[in-house]
Amino acid sequence: AKPPYAIMATRKSFAVLQCGWPSPAVAERFGSYGEMLERLLARPASQTWRTFDVELGRDMPTDATLRGFDGLIVSGSRHAVYDDAPWVADVAALVRAAVDRRQKVRGRSLFFWAP
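Sequence order as written defines residue numbering, which begins from 1 separately in each chain. Given that this is a predicted model, residues contribute local features only at a pLDDT of at least 70 and side-chain atom pairs are listed and counted only at 80 or more, while totals for whole chains, interfaces and linings are drawn from all residues. Note that the side-chain values use all heavy atoms of the structure and ignore hydrogens as well as water.

## A short note on the confidence of the model for the protein chain
So, point 1. How sure the predictor is of each residue is captured by pLDDT, a score from 0 to 100. Residues at a pLDDT of 70 or more form 85% of the protein chain, whose mean pLDDT is 82.
So, point 2. Strands here mean DSSP runs of E at least two residues long; helices mean DSSP runs of H or I at least four residues long; both are numbered from the N terminus. Averaged over each element, pLDDT in the protein chain is lowest for helix α1 (residues 4-8) (50) and highest for helix α4 (residues 63-67) (95).

## A closer look at the nonpolar core
So, point 1. Buried Ala, Val, Leu, Ile, Met, Phe, Trp, Tyr and Cys residues that are joined via side-chain atoms within 4.5 Å together make up what is termed a nonpolar core. Each residue's exposure class comes from its accessible area (1.4 Å probe, protein chains only) as a fraction of the maximum for that residue type: buried when under 20%, exposed when over 50%, partly exposed otherwise. Counting residues in hydrophobic clusters, the biggest one holds 16 residues, and the most contacted among them are Leu17, Phe52, Val54, Leu66, Leu72 and Val91.
So, point 2. Those elements that provide at least two residues to this core are β1 (12-18), β3 (71-74) and α5 (86-100).
So, point 3. In terms of residue count, the dominant contributor to this core is α5 (six residues).
So, point 4. The contact criterion used throughout is that any non-hydrogen atoms of two residues lie within 4.5 Å. Apart from the residues within four sequence positions on either side, Leu72 is in contact with Ala15, Leu17, Leu66, Ala98, Lys104, Val105 and Arg106.

## Quick word on the pairing of β3
So, point 1. Where burial is concerned, the two faces of β3 agree: the one with Gly71 and Ile73 and the one with Leu72 and Val74 are both buried.
So, point 2. Any two strands with at least two DSSP bridges between them are considered paired. As paired elements, β3 and strand β4 (residues 104-107) share four bridges and run parallel to each other. Counterpart to Leu72 in the pairing with β4 is Val105.
So, point 3. If the strands point away from the viewer and the path from the first strand over the helix to the second runs clockwise, then the crossover is right-handed. For the crossover that starts at β3, traverses α5 and ends in the parallel β4, the hand is right-handed.

## Brief notes about α5
So, point 1. With 15 residues, α5 extends 21 Å from end C-alpha to end C-alpha; this agrees with the ideal 21 Å at 1.5 Å per step.
So, point 2. Buried within α5 we find Trp87, Val88, Val91, Ala92, Leu94, Val95 and Ala98. Buried residues in α5, looked at end-on, bunch into an arc of 160°, giving them a common side. Exposed residues pointing more than 90 degrees away from the buried face of α5 are listed as Pro86, Arg96 and Asp100.
So, point 3. Directly after α5, the chain includes Arg102, whose backbone phi takes a positive value near 65°. To estimate how far a helix should extend, the number of its residues minus one is multiplied by 1.5 Å. The arc in question is traced by the directions running from the helix axis to the C-beta atoms.

## Focus: the sheet that holds strand β2 (residues 47-53)
So, point 1. Taken in spatial order, the four strands line up as β2-β1-β3-β4 in an open sheet, and their pairing is parallel. Two strands close off the open sheet at either side, each with one partner strand: β2 and β4. Adjacent strand axes in the sheet meet at a mean angle of 20° when their direction is disregarded.
So, point 2. The pairing of β1 with β2 spans seven bridges and is classified as parallel. Within β2, the position partnered with Val16 by the bridge is Thr51. Here an angle of 0 to 180 degrees is reported between the N-to-C directions of two axes, which are lines fitted to C-alpha atoms, with helices fitted over the stretch in contact.

So this is what it looks like as structure tokens:
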């Protein structure tokens, strides 16, 4: 028989919308923002993570894909939310849709300007 707490243990899944890359020196030492977030926050036995490299629209998930995750984390970016770039508007729409359906969304400086 399973212990009672085992019934409550469910695997959580998180999507990271990676909106930029660290400098080459930082990336070489620590990896991408998605990799850093996963190392910092992940509990491997109970979580799965998927990073989408959305900067410039390279790996843009659909809203339907994001619905399959328990939570959404949005990285910072050198781009501003007001930049006239289609991928920025696409990410903003995905985040709005996730918030509207009350999906857990977290971000640190969702979009910030860093030259």
